[in-house]
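Report on the structure
Each chain, letter by letter, is given below.
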Amino acid sequence: SENNLPAELIPQFGTCEYELPNVPPALPPAFVFCIDTCAPVEELTELADSIQQILNLLPEDSLVGLITFGTNVQVHEIGFGGIPKAYVIRGNKEYGTAKVSQLLGCAPAAAGGKGGGAPPPPAPPGQQQPNGMPPQQQTYESPGQQVLRRFILPVSECSMTVESILEDLRKDPWPVPSDKRVARCTGCAMSVATSLLDLALPRSGARLMMFVGGPCTSGPGSIVSRLKTEDMRSHADISRNAEPLHKPACEFYASLAKRNHPPAGKKGSTTQAAANASATSSHVVDVFACSLDQVGMLEMAELVEATGGQMVLGDSFGQSVFKESLRRVFRTFEPDVPEDGGKMQMAFGATLEVLTSREFKVSGAIGPVTSLGKKSPNVSDLEVGKGGTNAWSLGGVDPGTTVAIYFDITNPGTSPLPEGKRRFIQFLTKYQHANGRTRLRATTLCGPWYNPPPGEGEKRPPQQPGMNGYNGGMEQPSPVKMSFDQEAAAVLLARVAVNRTGSEDVADVLRWVDRSLIRLCSKFADYVPDDPNSFRLAPEFSLFPQFVFHLRRSQFLQLFNSSPDEAAYYRYILNRENATNSLVMIQPTLLSYSFNGPPQPALLDSQSVRPDTILLLDTFFHVVVFHGETCAAWREQRYHEQEEHAAFRDLLEAPQADAQTIMDNRFPVPRYIVCDQHKSEARFLMAKLNPSQTHNSEGGGGAQVFTDDVSLRVFMEHLMKLAVQS
């Protein structure tokens, strides 16, 4: 009735979620821990302690498996009672699913029989089988059932066995000559682990959690030779195609995702082929890399993205960056959440489909997605990111997973739409919940179209003197201009720019970013042609050039002082975070603490650095507490320990408390840095500031930034000059 509408027809309920009863429930989620034993003993101890804590957090019905690797791969049979038992597999080659099944003794066997092997021959009539069971009760275990009985078990049944193995973890025993790197078979271990999951859980959610302490040097996926005389690949090596191991490693890791799953994307595309497994196998690959050296995250990024996995990059397994980030992968819903209270937030096997009304089409998506190659009338010929489809596989998802969708207006400008015409978009997200049930979430959005009147967007004549060149008050502002979301636009532009770095030179991407900004300002700014002094931007656009300025200087587009692994890691995180977090990555936030009042937002500028203030910088990946020169000197003299200087003690504690608040709910956990002005770690702050004062400047307040980069003022002067050109 009109007074009792279903939820789908109530305007406030734009999103409805359904549990699909016709899809049978899957098994509980499985977690296979794959541990690098080439790490130092202290690192292994910290890692084992973290994994033991995770075992205590898991629901009792969760499945667990354990693999360790070094020179060889050890698959631990945690279902074997009495003594620890493991199968050792050579680490210098790749193994298919059938081969792994054979090596682990998981060929079809009679239930109740010991180990693998072929089924026993039938017994004479009237006699029992050799295992003592009557013929009519004989059943045979599939390889997958044997894996679930021997290698991947519920945590309630195997926690003691796994913990005892972790407590006895030893460094890889194989000798390492002084002129060689340790033999680490990361690729082979991944190959074995994915085969194990394909055998046991082909359609159930699972996570393969790789804990890596160094580069792969042996077998498939190697990124560097064992000889120490050969250096690790750099950005320059990759751009010149001078690194012979890079491309084969990328192809190997991409092939792991498509193994045993026919590709459904573009022919010949390695990344496209790698993408399709996540929709069918629901297996997620996470990489936790803790090393001072590169580990090959650049090469593994395709596999992680294809399966919707997580990446965490740290220096040590003892750091909070790793320990807390690992715990937060297993976050649960609050107890008061209906139906989901206490359940894990992770989901598996997610797919996204976008439906639109006829006036516009889908150009593509950028984020942790891979194309499903689904053609539809609402697919545009203009591709952005992963286009040519209106459906994508997301693999593993959580409440923070964010995907950018790009659209193309197909209605020709010469035929205006009818007045009152509305646009419609529907997002259909299907995923496997942590409880094993399949859900469908439908989000439906609608909004008006705007028909620009004739002549809008054309160059306006110069205004009469007295208007100071500003014509913004002479006409009714355009609804398009008034509805511009500059924060979202900056993030969408950043994702396109980062996506293009995969196929274009960074210098070309920077030029494209500059041209995009100039075109936007030329179209929507108010100015007198050829008069830069008349240039004005409406409030809806005023911050956008500033965002682009910081994007150009960010670690996403500037490769100086970052390794290929770090660049791949930063770009991957940007492409999966929401607009707020992405904006913090592009333009970090800065708070200033002083005796003059409560904390105040400060300009991200060298002028904000004062001797008597404390600054709190949040770059998303780092949280920096920066003490001015005077504050640092007072702290060294221990004034904060004296009762009469309680105000100074409060000033020191306030930014640290706020920093902890920032870090409490963030994933990955940022690195926490406390530094003083003129000390080495102050570089984390100084590198992010607008260099309004440099070593070439004269006079002025604030701190000097030693750089040849242009300041925001010079950037804006050039932008205004180019935007107003007729």
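This structure is a prediction, so every number in the text was calculated from the model and none was measured.

Helix and strand counts for the protein chain stand at 21 helices and 25 strands. Counting only residues that meet the buried cut, the protein chain has 50% of its 726 residues in that class. Accessible surface computed for the protein chain: about 34,300 Å², of which carbon and sulfur atoms make up 53%.

Further remarks concern the sheet that holds strand β24 (residues 622-627). Within the open sheet, the 5 strands sit side by side as β22-β21-β23-β24-β25. Their pairing is mixed. The sheet is open, and its two edges are formed by β22 (597-601) and β25 (671-676), each paired on a single side. Looking at each pair of strands side by side, their axes are set apart by 15° on average, direction ignored. By the bridge criterion, 6 bridges tie β24 to β25 in an arrangement that is parallel. The residue bridging V625 from the neighbouring strand is V674, located in β25. Across the face of the sheet, helix α19 (residues 646-664) comes into contact with β21 (589-594), β23 (614-618), β24 and β25 while running at roughly 5° to β23.

If you trace the 6 strands from one edge of the open sheet to the other, you get β1-β18-β17-β12-β15-β14, paired in antiparallel fashion. Of all the strands in the sheet, just β1 (15-19) and β14 (370-371) have a single pairing partner and so form its edges. For β14 and strand β15 (residues 391-397), the ladder comprises 2 bridges, and the chain directions are antiparallel. Looking at the pairing, T370 lines up with S393 of β15.

Here the bond from F667 into P668 is cis, since omega is -10°, no more than 30 degrees from zero. Looking at the secondary structure, you find P668 in the loop between α19 and β25. The phi torsion at E339 lies on the positive side, around 70°, for a residue other than glycine. Looking at the element boundaries, E339 is found in the loop between α11 (320-329) and β12 (347-356). Judged by its relative accessible area of 68%, E339 falls in the exposed class. At R638, a position not held by glycine, the phi torsion is positive, near 60°. Within the secondary structure, R638 is located in the loop between α18 (629-636) and α19.

Turning our attention to the confidence of the model for the protein chain. On average, residues of the protein chain score 87 in pLDDT, and 87% of them reach the 70 mark or higher. In this model residues 260-280 is a low-confidence stretch, pLDDT under 50, and it forms 48 contacts with partners more than four residues away in sequence or in other chains.

Quick look at the side chain of D605 now. Of note, D605 is situated in the loop between β22 and β23. Buried charged residue D605 carries no salt bridge. Nearest counter-charge: R610, at 8.2 Å. Among residues more than four places away in sequence, those in contact with D605 are L689, N690 and S692.

Cut-offs and rules
- Residues numbered from 1 in each chain as written.
- Predicted model: local features only at pLDDT ≥ 70, side-chain atom pairs only at ≥ 80, totals over all residues.
- Heavy atoms only, no water.
- Helix = DSSP H or I, 4+ residues; strand = E, 2+ residues; numbered from the N terminus.
- Buried < 20%, exposed > 50% of the residue type's maximum accessible area, 1.4 Å probe, protein only.
- Areas by Shrake-Rupley, 256 points an atom, 1.4 Å probe, with all protein chains shown as cover.
- Pairing = 2+ DSSP bridges.
- Axes fitted to C-alpha atoms, helices over the stretch in contact; angles between N-to-C directions.
- Contact = heavy atoms within 4.5 Å.
- pLDDT = per-residue confidence, 0-100.
- Lys, Arg positive; Asp, Glu negative; His and termini not counted.
- Salt bridge = Lys/Arg side-chain N within 4 Å of Asp/Glu carboxyl O.

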